[in-house]
Amino acid sequence: LSYVWRKALRGHALDAASLARKCDVEKSEIDALIAGKAQLGLLTKAAATLGLHAAAIQQHATYRPQVPHLHGVTRLSLPFEGDTVNAWLIRDEDQTLLFDTGFDRDSACALLQSTGVAPLDLFITHDHRDHVGGISGLRPLIKKHHEMPYGQSLRLGALEITCFDLSGHCIPTYGYQIRGLSRLICVVGDALFAGSIGGCQDSFTYQMALRNLRHHVMSLPDDTILLTGHGPATTVGQEKRHNPFLARGV
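Residues numbered from 1 in each chain as written. Predicted model: local features only at pLDDT ≥ 70, side-chain atom pairs only at ≥ 80, totals over all residues. Heavy atoms only, no water.

Draft legend 1. Main features of the sheet that holds strand E5 (residues 142-145). The mixed open sheet is built from five strands, whose spatial order is E1-E2-E3-E4-E5. Both outer strands of the open sheet, strand E1 (73-80) and E5, are each paired with one neighbouring strand and no more. Strand after strand, the sheet turns through a mean of 25 degrees between neighbouring axes, direction not considered. Across the face of the sheet, helix H6 (residues 107-114) comes into contact with E1, strand E2 (83-92), strand E3 (95-99) and strand E4 (120-123) while running at roughly 140 degrees to E1. (Pairing = 2+ DSSP bridges. Helix = DSSP H or I, 4+ residues; strand = E, 2+ residues; numbered from the N terminus. Axes fitted to C-alpha atoms, helices over the stretch in contact; angles between N-to-C directions. Contact = heavy atoms within 4.5 Å.)

Right, here's the structure in full:
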């Protein structure tokens, strides 16, 4: 939860002291808020000041998105400096698509080779090192590395992939909408996480991120599955209720 507050503060070009002044409290109370130890009144006031959804913040600690298993979609949880980063493998008939590659040169390649995976069509969401570090190690498995402009669609077998703009956390960021499986899927990289969004450098990129997410992602059907760059997959409907940055009623 502290990351939610810190991302919002940076997005509004504020620090704890300036938020304390806006909320007419001591800075120590904002420090406690960021640490998850604030009274409801201050939480509600601070959330309104930062454009966050107070109820979603209250539920944040217990929020765990529930996403049905989707045949043909596999999350590769790959090592990244003591933590993990996601790559997503999507298979349908004779098509094998990989979205992002992880940080280590060889971790994704070793994992995929152990499963006997077919030659890959590779797509990248953004060029941060934890998402592109495995490209060189995967070269023997890559059939084609697709670099799609925003708005372009591509058909691979029964799958239709459409690229759209999710810039903000990183510029550029490419989101991918995938049709042809039993549910609509969006690969969102680090633009969105379950209950959060990717951190942005300043107010300009923060507003850009929110606009792109609202326009391209939150406008989709509630049962659309969102494949994130870190953490679990989620759905549009659950993020509308539980994501403090995107929940309705802000």
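Draft legend 2. Representation of the pairing of E1 within the structure. As judged from the eight bridges shared by E1 and E2, these two strands associate in the antiparallel manner. What sits directly across from Val73, in E2, is Ile90. Here E1 folds back onto E2, and the loop between the two strands holds two residues, one of which, Glu81, carries a positive phi near 45 degrees.

Draft legend 3. Highlighting the sheet that holds strand E8 (residues 174-179). The strand order E6-E7-E8-E9-E12-E13 describes an open sheet built from six strands, whose pairing is mixed. Single-partner strands in this sheet number two, and they are strand E6 (153-156) and strand E13 (234-235). Sheet topology places strand E9 (residues 185-189) next to strand E12 (residues 225-228); four bridges connect them, and they run parallel. Residue pairing in the sheet places Val187 in a bridge with Leu227 of E12.

Draft legend 4. Up close: the packing of aromatic side chains. Under the counting rule described, the total for this entry stands at six aromatic pairs. Aromatic pair Phe99 and Phe123: ring centres 4.9 Å apart, planes at 15 degrees, arrangement stacked. Pair noted here: Phe99 is in strand E3 and Phe123 is in strand E4, with a separation of 24 residues, a long-range link. Overall, Phe123 belongs to the buried group, its relative accessible area being 0%. Ring plane angle 55 degrees and centroid distance 5.4 Å describe the contact between Phe99 and Tyr176, whose orientation is recorded as tilted. Of this pair, Phe99 sits in strand E3 while Tyr176 sits in strand E8, placing them 77 residues apart in sequence. The two residues Phe99 and Tyr176 agree in class, both being buried. Taken together, Phe99, Phe123 and Tyr176 form an aromatic cluster joined through their ring pairs. (Phe/Tyr/Trp six-rings, centres within 6.5 Å; stacked < 30°, edge-to-face > 60°. Buried < 20%, exposed > 50% of the residue type's maximum accessible area, 1.4 Å probe, protein only.)

Draft legend 5. Fine view of the environment of Ser2. Here Ser2 is to be found in helix H1 (residues 2-11). Residue class for Ser2 comes out partly exposed when judged on its relative accessible area of 27%. Measuring from C-alpha to C-alpha, the distance between Ser2 and His60 comes to 11 Å, with 58 residues separating the pair along the chain.

Draft legend 6. Highlighting helix H9 (residues 203-216). In a regular helix each residue adds 1.5 Å, so 14 residues correspond to 20 Å; H9 covers 20 Å between its end C-alpha atoms and thus fits that length. By the burial criterion, the buried members of H9 are Thr205, Tyr206, Met208, Ala209, Leu210, Asn212 and Leu213. Contacts from the buried residues of H9 go to H1, helix H4 (40-50), strand E7 (159-165), strand E10 (192-193) and strand E11 (196-197). Its side-chain oxygen placed 3.2 Å from the backbone nitrogen of Phe204, Asp202 serves as the N-cap of H9. (Expected span 1.5 Å × (residues − 1). Polar contact = N/O pair within 3.5 Å; in protein donor to acceptor, adjacent residues only side chain to side chain.)

Draft legend 7. Main features of H1. Within H1, the full set of buried residues consists of Val4, Trp5, Lys7, Ala8, Leu9 and Gly11. At the C-terminal side of H1, Ala13 shows a positive phi close to 55 degrees.

Draft legend 8. Representation of the pattern of salt bridges within the structure. Across all of its chains, the model carries seven salt bridges by this definition. The salt bridge involving Arg129 is made with Glu81; its shortest N-O contact spans 3.0 Å. In this pair, Arg129 is assigned in helix H7 (residues 129-132) and Glu81 in the loop between E1 and E2, connecting sequence segments 48 residues apart. Notably, a salt bridge pairs Lys143 with Asp121, separated by 3.5 Å at the nearest N-O pair. In this pair, Lys143 is assigned in strand E5 and Asp121 in strand E4, connecting sequence segments 22 residues apart. (Salt bridge = Lys/Arg side-chain N within 4 Å of Asp/Glu carboxyl O.)

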